[in-house]
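Residues per chain are reported as follows:
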Amino acid sequence: NQARGVWIQNVTGGSVDVSGGEISGNALVGLGVRDSDGVTVSGVTVQDTTAVRLPRDLGHYEDVGDGLALFTGARNVTVASIVSRNNARAQLLADQAGAGVRVVDSELAGGLFRAVVQRVAAQVTVSEALVDDPGRVLTVDNSAVLVGQ
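Observations regarding the overall build of the protein
Here comes step 1: Helix and strand content of the protein: zero helices and 16 strands.
Here comes step 2: Along the three orthogonal principal directions, the C-alpha set of the protein runs to about 45 × 40 × 30 Å.
Here comes step 3: Put simply, the protein has 149 residues, and 46% of those count as buried.
Here comes step 4: Long-range pairs, those at least 24 residues apart, make up 58% of the contacts in the protein between residues at least 6 apart in sequence.
Here comes step 5: Working note: accessible area of the protein is about 7000 Å², and carbon and sulfur atoms make up 48% of it.
Here comes step 6: Computing the positive centroid from 11 side-chain charges and the negative centroid from 16, the protein places the two 4 Å apart.

The structure is reproduced here in structure tokens:
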């Protein structure tokens, strides 16, 4: 798949549970969550997400290929016992995520970064030993996917 893998958006008043299986060989992001409340991801392997070149600013580009990405409005998200590996850039990216985001008992390996937490409104619970500092804000493409139009 040369586009996003699993994309969860606009979930409110309920929950989504992604449990077991493998998400592999996508581009840009393997599994993304945006504007959603009450998402659980457990026992999933996200791997081999390839990079897409995106404009960062005038005349500069960045290769973006993240495994699991928690974006704007992702809140009350639990990530447990996942494996995110060999994705091009970050194995886990939390960018502008909201309250209640926790990552436990997960393996993050390969790529440029393991876990990157940036521009968040509330603390993201993830082992400090896994958090990498890229030295700048990473470029993201977390635009909503239009459905039914």
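What to know about the environment of Asn142
Here comes step 1: With respect to the helices and strands, the residue Asn142 is situated in the segment after strand 16 (124-125).
Here comes step 2: On the basis of relative accessibility, which here comes to 14%, the residue Asn142 falls in the buried class.
Here comes step 3: Expressed as a C-alpha distance, the spacing of Asn142 and Val104, which sit 38 residues apart in the sequence, is 24 Å.
Here comes step 4: When neighbours within four sequence positions are excluded, Asn142 is seen to be in contact with Arg4, Trp7, Arg34, Phe71, Thr72 and Asp95.
Here comes step 5: Engagement of the side chain of Asn142 in a polar contact is seen with the side chain of Thr72, the distance being 3.2 Å.

Observations regarding the nonpolar core
Here comes step 1: By size, the foremost hydrophobic cluster in this structure holds 26 residues, and its most contacted members are Leu31, Val33, Leu70, Val77 and Leu92.
Here comes step 2: Of all elements in the fold, only strand 4 (29-34), strand 5 (37-42), strand 9 (66-70), strand 10 (75-80), strand 12 (90-95) and strand 13 (101-104) reach the threshold of two or more residues within this core.
Here comes step 3: With near-sequence residues (within four places) excluded, Leu92 lies in contact with Leu68, Leu70, Val103, Leu108, Arg114, Ala115, Val116 and Val126.
Here comes step 4: Among the nonpolar cores identified, the runner-up in size contains nine residues, and Trp7, Val29, Ala90 and Val116 belong to it.

Some thoughts on empty space enclosed by the protein
Here comes step 1: With the rule as written, the count across this model stands at one cavity of 30 Å³ or more.
Here comes step 2: Computed from the structure, the largest cavity encloses a volume of approximately 30 Å³.
Here comes step 3: If you trace the largest cavity, you find it lined by Leu28, Val29, Val64, Asp66, Phe71, Val140 and Asp141.
Here comes step 4: Residues belonging to the lining of the largest cavity are distributed by class as follows: five nonpolar, no polar and two charged.

Focus on the pairing of strand 13
Here comes step 1: Taking every second residue as pointing to the same face, the buried face of strand 13 carries Val101 and Val103, while none of Arg102 and Val104 on the other face is buried.
Here comes step 2: Sheet topology places strand 10 next to strand 13; three bridges connect them, and they run parallel. Among the inter-strand pairings, Thr78 is bridged to a residue of strand 13, identified as Arg102.
Here comes step 3: Pairing analysis gives two bridges linking strand 13 to strand 16, with the strands arranged parallel. Pairing of Val101 across the sheet is with Val124, part of strand 16.

About the thresholds
- Residues numbered from 1 in each chain as written.
- Predicted model: local features only at pLDDT ≥ 70, side-chain atom pairs only at ≥ 80, totals over all residues.
- Heavy atoms only, no water.
- Helix = DSSP H or I, 4+ residues; strand = E, 2+ residues; numbered from the N terminus.
- Buried < 20%, exposed > 50% of the residue type's maximum accessible area, 1.4 Å probe, protein only.
- Contact = heavy atoms within 4.5 Å.
- Areas by Shrake-Rupley, 256 points an atom, 1.4 Å probe, with all protein chains shown as cover.
- Lys, Arg positive; Asp, Glu negative; His and termini not counted.
- Charge placed at Lys NZ, Arg CZ, Asp CG, Glu CD.
- Polar contact = N/O pair within 3.5 Å; in protein donor to acceptor, adjacent residues only side chain to side chain.
- Core = buried A, V, L, I, M, F, W, Y, C linked by side-chain atoms within 4.5 Å.
- 1 Å grid on protein atoms, 1.4 Å probe; cavity = no way out; pocket = protein on both sides within 12 Å on 5 of 7 lines; lining within 4 Å.
- Points joined across faces, edges and corners; volume = space filled by probe spheres on them.
- Nonpolar A, V, L, I, M, F, W, Y, C, P; charged D, E, K, R; others polar.
- Pairing = 2+ DSSP bridges.

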